[in-house]
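Chain residues, written in single-letter form:
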Amino acid sequence: MGDGTQGVGTVKRFLFVNRRAPWGTAYALEALDAVLIAAAFDQDVSVLFVDDGVYQIKNGQDTRAIGVKNSSPAYGALATCDVDKLYVERESLEARGLGERDLLVPVRVLGAQEVAELMDRQDVILSF
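The following refers to the structure shown. Everything numeric here is computed off the predicted structure, so don't read it as measured data. (Residues numbered from 1 in each chain as written. Predicted model: local features only at pLDDT ≥ 70, side-chain atom pairs only at ≥ 80, totals over all residues. Heavy atoms only, no water.)

1. Observations concerning the side chain of Gln43
Just so we agree on the cut-off: Secondary structure elements follow DSSP: runs of H or I no shorter than four residues count as helices, runs of E no shorter than two count as strands, and numbering proceeds from the N terminus. We define a polar contact as two N or O atoms separated by no more than 3.5 Å, with the added condition that, inside protein, one atom must be a possible hydrogen donor and the other a possible acceptor, whereas residues neighbouring each other in sequence contribute only through side-chain atom pairs. Only heavy atoms enter the contact rule, under which two residues are in contact if any of them lie within 4.5 Å.
Tracing the sequence through the fold places Gln43 in the loop between α1 (27-40) and β2 (44-49). A distance of 2.7 Å separates a polar atom in the side chain of Gln43 from the backbone nitrogen of Lys12. Non-local contacts of Gln43, meaning those with residues more than four positions away in its chain, are made with Thr10, Val11, Lys12, Phe14 and Ala38.

Right, dumping it as structure tokens:
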């Protein structure tokens, strides 16, 4: 289509940026829902965890004391939905004293410049 419009069924590159801690707001759950919806429509889905968003995929979360359901195991199921491009910003991990060994899913750790390059390659970026 030379007129600049997108055809039906066109795959777009979606990047979901998770910036907030997993508890206290609905942002983490809303992001997870949006990721699953985009994947269900066969879009090219990537997920990036930055800032306090890195806590969403931290091992060993126990939510019993705050009385909410622990949704972190859902991130382990993303691969079954063909969502396997998971990224974490290195500086966000380091600032929180975390490393890859502290995360419950396999991720690719990116430096700030690599994060910028990842963002440049996307058609749609949604920040939560």
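2. Some remarks on the pattern of salt bridges
To be explicit about the condition: Note on definitions: salt bridges are taken to be side-chain nitrogens of Lys or Arg within 4 Å of carboxyl oxygens of Asp or Glu. Residue burial is assigned from relative accessible area. The probe radius is 1.4 Å, only protein chains are included, and a residue is buried under 20% of its type maximum, exposed over 50%, and partly exposed in between.
Under the definition given, this model contains 6 salt bridges. For Asp52, the salt bridge identified is with Arg96, shortest N-O distance 2.8 Å. Residue Asp52 is located in the loop between β2 and α2 (73-76), and its partner Arg96 is located in the loop between α3 (90-95) and β4 (108-110); the two are separated by 44 residues in the primary sequence. Residue classification places Asp52 among the partly exposed residues on the basis of a relative accessible area of 33%. On the basis of relative accessible area, Arg96 is assigned to the partly exposed category, the value being 25%. Asp102 serves as the salt-bridge partner of Arg101, at 4.0 Å between the closest nitrogen and oxygen.

3. A closer look at the sheet that holds β4
Here is the rule we go by: The pairing criterion for strands is at least two bridges between them, as found by DSSP. To define axes, lines are fitted to C-alpha atoms, for helices over the stretch in contact only, and angles between the resulting N-to-C directions are given on a 0 to 180 degree scale.
As summarised here, the arrangement of the 5 strands in space is β4-β3-β2-β1-β5, forming an open sheet in which the pairing is parallel. In this open sheet, the two strands that pair with only one neighbour each are β4 and β5 (124-127). Averaged over neighbouring strand pairs, the angle between their axes works out to 25° when direction is ignored. Two elements, β2 and strand β3 (residues 85-89), share 4 bridges in a ladder whose sense is parallel. Bridge assignment links Leu48 to a residue of β3, and that residue is Tyr87. Seen against the sheet, helix α4 (residues 112-120) touches β1 (13-18), β2, β3, β4 and β5 and runs at an angle of roughly 105° to β4.

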